[in-house]
Amino acid sequence: MSASSTPGRGAVPALFSEPGRGQGGWDEGQVLPEGRGVPDERKGPPEGRDVPVEGQELLGERATPDDGQELAERRRVPEEERLARAALTRLVEPGDETVGRWLRRMGPMALWRALTGKGEPPPGATGERLAGCALRAAGADPVADLALIARCGGRFICPGDLDWPGQLDDLGDARPVGLWVRGRADLRMWALRSVAVVGARACSDYGAYVAASLGTGLAERGWVVVSGAAHGVDGAAHRGALAAGGATIAVLASGVDVPYPRAHAELIERIAEQGLVLAELPPGAHPTRPRFVLRNRVIAALTRGTVVVEAQYRSGSLVTARRAQQLGRSTMGVPGPVTSGLSAGVHELLRGEAVLVTDAAEVAELIGGIGDLAPERRGPLVERDLLDPVTARVLEALSARGGNRLRDVARESGTGCDEALGRLHELLALGFVERHGDRWELVPPVRRSDGARRGDPPNRGNRVKGLRR
């Protein structure tokens, strides 16, 4: 069966094996010896053999039975297509919509052949672009990449796999070719209840505190915190979720085996152990400035909403938020001082369609389901709030200067003398007023000079009448 025909068991080496490389020696279209191909998922693994981790059987390596069984349950994409997609991640840059259109029309295997000169060039492909692809293809070895990610405790997932997050399809032709993932959790299930927390790298202490509080609060409410593992807000959000024993996902602009920034190597390793680390770029790839911007579209599409904590006008986190808006996701911002340039971008976002939030409860209320309500916000309750309207009116009629006669109080409160007298006795019993002969006075507020000590309860009058008439 030739590589140009319908893909079958022999299509894997036809696409990627060359003399002297990998298993070596196969010409295009040559079929692997029996037992060396990918097992038929409908029949299950051959008796007495472990299910191979992606690409490992081709190298003569095997996974543990548990890992193999778990991968077999998650995989639904044929291995030749998986290899082609893995190879394409080395060939093309993330988020290239032109490549996305080619991939949608041609399929991964035909596109690989087209870009490497083994088939008709894709429509509109320039000679310069094909030359660049050929240069990158010379170093592509998807079998080795899949084996490497397996040794790192990871995997490569493709559209069509059971743990592929369907919300990434909202990106259209900018959808990732595939995702390299470290961690054992099911990405699709985690992404169903996830929220992005992003913001400035050079954040203030206020921004770091808010981001960590959001990470902790969201994790305690069962939400998965997604961010980019960068300095500042990203790192604080991840640490907050980890500190609460919660779930968190780091989306990198490099390979999952290349921690960036280097100072966060330990943090990224913790995330891989307790959560998930994922990237579009293959193992060993290093970040570039455009890759950070393109990475943000994955964060926006993967989550149900994006919260921005501190961002200047030119901030990558604003790119994430605006992409989330375009995708119909919830966009939120945490306000800061109007004098702070670090909050200027957030405030501009809040003037648009973003929603102001201050804590995890408000975030959960916005993106959660029925019953995820934030507590009602109100000021402190004081004793005078419990007075009925007439009694409160009598209390307001008392002058702070003292010497209030009954007739004056009745006139100012709009009540009769008998009614006013009864209300004044109620206020006397509650400790709001004092009686001196035929005059009524407010209980004076406690002053520090009166001998009150720190920690003493405040006098009632201090909370009731602080202004003079």
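As the structure is a computational prediction, the values presented were derived from the model and not from experiment.

Rules used throughout
- Residues numbered from 1 in each chain as written.
- Predicted model: local features only at pLDDT ≥ 70, side-chain atom pairs only at ≥ 80, totals over all residues.
- Heavy atoms only, no water.
- Pairing = 2+ DSSP bridges.
- Helix = DSSP H or I, 4+ residues; strand = E, 2+ residues; numbered from the N terminus.
- Contact = heavy atoms within 4.5 Å.
- Axes fitted to C-alpha atoms, helices over the stretch in contact; angles between N-to-C directions.
- Salt bridge = Lys/Arg side-chain N within 4 Å of Asp/Glu carboxyl O.
- Buried < 20%, exposed > 50% of the residue type's maximum accessible area, 1.4 Å probe, protein only.
- Core = buried A, V, L, I, M, F, W, Y, C linked by side-chain atoms within 4.5 Å.
- Parallel < 35°, antiparallel > 145°, perpendicular 65-115°, else oblique.
- Left-handed = near helix turned anticlockwise from the far one by under 90°.
- Nonpolar A, V, L, I, M, F, W, Y, C, P; charged D, E, K, R; others polar.
- pLDDT = per-residue confidence, 0-100.
- Phe/Tyr/Trp six-rings, centres within 6.5 Å; stacked < 30°, edge-to-face > 60°.
- Lys NZ or Arg CZ within 6 Å of the ring centre and 35° of its normal.

Caption draft 1: Just the sheet that holds strand E9 (residues 355-356), in detail. Taken in spatial order, the nine strands line up as E1-E2-E6-E5-E4-E3-E7-E8-E9 in an open sheet, and their pairing is mixed. Edge strands, defined here as strands with exactly one partner in the open sheet, are strand E1 (154-157) and E9. Alignment of strand E8 (residues 330-334) against E9, held across two bridges, turns out to be parallel. Counted as the bridge partner of Met332 is Val355 from E9. Against the sheet, helix H9 (residues 205-220) makes contact with strand E3 (194-199), strand E4 (224-227), strand E7 (305-309) and E8, and its axis sits at roughly 150 degrees relative to E7, the strand it touches most. Packing of helix H13 (residues 316-326) onto the sheet brings it into contact with E3, E7 and E8, and relative to E7 it is tilted by some 150 degrees.

Caption draft 2: Layout of the pattern of salt bridges. Evaluation of the coordinates by the stated rule reveals 19 salt bridges. Asp170 is the salt-bridge partner of Arg329, the closest N and O atoms lying 3.0 Å from each other. A residue pair is termed long-range when its members are at least 10 positions apart, and Arg329 in the loop between H13 and E8 and Asp170 in the loop between E1 and strand E2 (179-182) qualify at 159 residues. Where Glu426 meets Arg423, a salt bridge forms, and the shortest distance between an N and an O atom there is 4.0 Å. Of this pair, Glu426 and Arg423 both sit in helix H18 (residues 417-430), separated by three residues, roughly a single helical turn. We classify Glu426 as partly exposed; its relative accessible area is 37%. Through salt bridges that share partners, Asp388, Glu419, Arg423 and Glu426 make up one connected network.

Caption draft 3: Quick look at the nonpolar core. By size, the foremost hydrophobic cluster in this structure holds 34 residues, and its most contacted members are Leu168, Leu179, Leu187, Ile249, Leu278 and Val308. In terms of residues, this core owes the most to one element, helix H12 (residues 289-302), which gives five residues. The residues contacting Leu168, other than those within four sequence positions of it, are Arg175, Pro176, Leu179, Val298, Ala301 and Leu302. With 22 residues, the next largest nonpolar core counts Val195, Val225, Val334 and Ile367 among its residues.

Caption draft 4: Geometry of the packing of H12 against H13. For the pair H12 and H13, the least separation of the axes is 8 Å and the interaxial angle reads 40 degrees. The pairing of H12 with H13 is recorded here as oblique in orientation. The way H12 lies across H13 gives a crossing that is right-handed. Across from Val293, Asn296, Arg297, Ile299 and Ala300 in H12, the residues of H13 making contact are Gly316, Val319, Thr320, Arg323 and Ala324. The residue inventory of the contact of H12 with H13, partitioned by class, reads five nonpolar, three polar and two charged.

Caption draft 5: Inspection of the pairing of strand E5 (residues 248-251) at higher detail. The side-chain alternation of E5 yields two buried faces, one formed by Thr248 and Ala250 and the other by Ile249 and Val251. Where E4 and E5 come together, three bridges link them in parallel fashion. The partner of Val225 across the bridge, within E5, is Thr248. By the bridge criterion, three bridges tie E5 to strand E6 (residues 276-279) in an arrangement that is parallel.

Caption draft 6: The confidence of the model for the protein, seen in detail. Across the protein, the average pLDDT comes to 81, with 78% of residues at 70 or higher. Contacts of residues 1-13 to residues separated by more than four positions or lying in other chains number 28 contacts, the stretch itself having pLDDT below 50. Under a pLDDT of 50 for its full length, residues 448-469 has, in the predicted model, 33 contacts with residues more than four places off or in other chains.

Caption draft 7: Here's a closer look at the packing of aromatic side chains. Applying the stated rule across the entire model yields two aromatic pairs. With a centroid separation of 4.4 Å and an interplanar angle of 45 degrees, the aromatic rings of Phe156 and Trp180 are classed as tilted. Of this pair, Phe156 sits in strand E1 while Trp180 is found in strand E2, placing the two residues 24 residues apart along the sequence. Here Phe156 matches Trp180 in class, with each residue buried. Measuring from ring centre to ring centre gives 5.7 Å for Tyr260 and Phe292, while their planes differ by 45 degrees; the resulting arrangement is tilted. Here Phe292 lies in helix H12 and Tyr260 lies in the loop between E5 and helix H11 (265-274), a separation of 32 residues in the sequence. Across from the ring centre of Trp223, 4.1 Å away, lies the NZ or CZ of Arg193, which sits over that ring.

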